[in-house]
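Overview (structure and organization)
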Amino acid sequence: MRHRKILVLVLLLVGGIGLLTWLPKAIGWKGKVVVIKMEVPVRMDIINKRVISGVLVPYKEVALKAEIAGVIDKLYVSVGDRVSKGQAIACIKVLPKSSEIESTKKGVHISQFAQEVAEAKYQRSKQLFENKMLSPEAYEQDVKAWKIACEESAYAQKELNYVLKGHITGAQGASNTIKSTIAGIVSELPCKEGSVIMERRSYEGGTTVATISDMSTILFQGKVGEMDVAHLYTGMQFEVSLIAIKGKKFLTTLTKLA
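So, a few notes on the structure that sits alongside this text. (Residues numbered from 1 in each chain as written. Predicted model: local features only at pLDDT ≥ 70, side-chain atom pairs only at ≥ 80, totals over all residues. Heavy atoms only, no water.)

**Digging into the layout of surface pockets**
Space left empty within the atom packing is revealed by a probe, the size of a water molecule, rolled over the atoms. To be explicit about the condition: Only protein atoms enter the 1 Å grid used here, on which a cavity is any set of points holding a 1.4 Å probe that cannot leave and a pocket is any open set flanked by protein within 12 Å on both sides along at least five of seven lines; residues with an atom within 4 Å of a point are listed as lining. Grid points are joined across faces, edges and corners, and a volume is the space filled by probe spheres set on the points. Numbering of helices and strands runs from the N terminus; a helix is a DSSP stretch of H or I covering at least four residues, while a strand is a stretch of E covering at least two. The residue classification treats Ala, Val, Leu, Ile, Met, Phe, Trp, Tyr, Cys and Pro as nonpolar and Asp, Glu, Lys and Arg as charged. All others, Gly included, are polar.
Counted as a void, the largest pocket has a volume near 1,700 Å³. Around the largest pocket sit 38 residues that line it, and I52, F220, F238, E239 and V240 are the ones nearest its centre. Secondary-structure elements contributing two or more residues to the lining of the largest pocket are strand 1 (54-65), strand 8 (208-222), helix 4 (226-229), strand 9 (237-241) and strand 10 (249-253). Here the residues of the lining of the largest pocket are counted per class, giving 20 nonpolar, eleven polar and seven charged.

Next comes the structure, spelled out in structure tokens:
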């Protein structure tokens, strides 16, 4: 009985020594002193941030339409060029129909004939009026008819030039030349030289020949979730970073919510 107790005590002692040897290895303790760093609590504000993706668009952008139908004969600019207000962008070559040309020429001949008749009558009336053989009222009527015939003949000739060339010479220049209405940069040229374009009408937009963008002011357009709209207000400022320009942020002001 006594020997049994001694055997149990020896086994417990051996087991305790083995446990003390295995436990530090199991928990990774190598005998180093662990120092716990203490920090003093500090009161701070919690800032809730959101990342909104979007695109940059010019503040002012104009799509130049063609006033006449035809073919782009010449492009004077390229994408990325800076243009001024009134600068020529493209020239349109008109492709008139043969029936339209013949009809316009007929109108020119008729108007010229009417002008010749009115001028002959005016010359006769002038001689009679100078010899005091015609009343002033009758003479004024013949002068008026002659001037109207001259205007109609000139208009018919201009209309023929418009059909053949696509422009009418005047103080504003040729109507087949598309000019920029604002100063900016050519951002798009959808049509190339030789492309067929349609004219702008009241019920149709017509073909866009070029898009001019005013890059002096840039807008950032982003989409936000319904839960974040309540935290936005006009006038708040935020930072915008661009993928093309890394490491730089631009301060931006919110101007519109829609």
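**Some points on the sheet that holds strand 8**
What counts here: One bridge is not enough; two strands pair if DSSP finds at least two bridges between them.
In spatial order, the strands read 1-8-6-3; together these four strands make up an open sheet with antiparallel pairing. The open sheet is flanked by strand 1 and strand 3 (82-83), the only strands paired with a single partner. Direction of pairing for strand 6 (residues 184-188) relative to strand 8: antiparallel, over a ladder of three bridges. Bridging from a neighbouring strand, E188 pairs with T211 of strand 8.

**Quick look at helix 3 (residues 136-165)**
Put simply, the test is: A helix's residues, less one, multiplied by 1.5 Å, set its expected span. The contact definition used throughout considers only heavy atoms, calling two residues in contact when any of these lie within 4.5 Å.
Along its 30 residues, helix 3 runs 43 Å from first to last C-alpha, staying within 8% of the 44 Å computed at 1.5 Å per residue. Check the buried side of helix 3 and you find it contacts helix 2 (98-130).

**What about a nonpolar patch on the surface?**
As a reminder of what qualifies: Patch definition: residues with relative accessible area over 30% and no salt bridge; like charges joined within 9 Å; nonpolar side chains (Val, Leu, Ile, Met, Phe, Trp, Tyr) joined within 5 Å. Here the accessible surface of atoms and residues is derived via Shrake-Rupley with a 1.4 Å probe, and residues count as covered only by protein chains that are part of the display. We count a salt bridge whenever a side-chain nitrogen from Lys or Arg sits within 4 Å of a carboxyl oxygen from Asp or Glu. Categorising residues by exposure relies on relative accessible area from a 1.4 Å probe, with only protein chains included: less than 20% of the type maximum marks a residue as buried, more than 50% marks it as exposed, and the intermediate range marks it as partly exposed.
Together, I52, V224 and V229 line one region of the surface with nonpolar side chains, adding up to about 200 Å² of accessible area. Mapped onto the elements, V229 comes out in helix 4. Given a relative accessible area of 38%, V229 falls into the partly exposed group.

**Focus on unusual backbone geometry**
Backbone geometry follows two general trends: most residues other than glycine have a negative phi, and most peptide bonds adopt the trans configuration. Positive phi values are uncommon outside glycine, yet K132 reaches one of about 60°. Along the polypeptide, K132 turns up in the loop between helix 2 and helix 3. What makes K132 exposed here is its relative accessible area of 78%.

**Concerning the packing of aromatic side chains**
The line we're drawing: The criterion for an aromatic pair is that two Phe, Tyr or Trp rings (for Trp, the six-membered ring) have centres within 6.5 Å, with stacked assigned to planes under 30 degrees apart, edge-to-face to planes over 60 apart and tilted to the rest.
Applying the stated criterion across every chain yields a total of four aromatic pairs. Look at Y122 and W146: their rings are 4.6 Å apart centre to centre, the planes differ by 5°, and that puts the pair in the stacked class. Of the two residues, Y122 is situated in helix 2 and W146 in helix 3; the sequence distance between them amounts to 24 residues. Where F129 meets Y139, the ring centres are 4.5 Å apart and the plane angle is 5°; that geometry is what we call stacked. Placement of F129 in helix 2 and of Y139 in helix 3 is noted, with a sequence separation of ten residues between them.

**Some words on the pairing of strand 6**
Where strand 3 meets strand 6, two bridges bridge the pair, whose relative direction is antiparallel. In the sheet register, R82 faces strand 6, and the bridge partner there is I185.

**Some points on the sheet that holds strand 5 (residues 177-179)**
Within a sheet, neighbouring strands are paired by backbone hydrogen bonds and run either parallel or antiparallel to one another. Pairing in this open sheet of four strands is antiparallel, and the strands run 5-4-2-7 from one edge to the other. Each end of this open sheet is capped by a strand with a single partner; those strands are strand 5 and strand 7 (196-197). Of the pairings in the sheet, the one linking strand 2 (residues 70-75) to strand 4 (residues 88-93) comprises four bridges and is antiparallel in character. Note that in strand 4 the partner of L75 across the bridge is A90.

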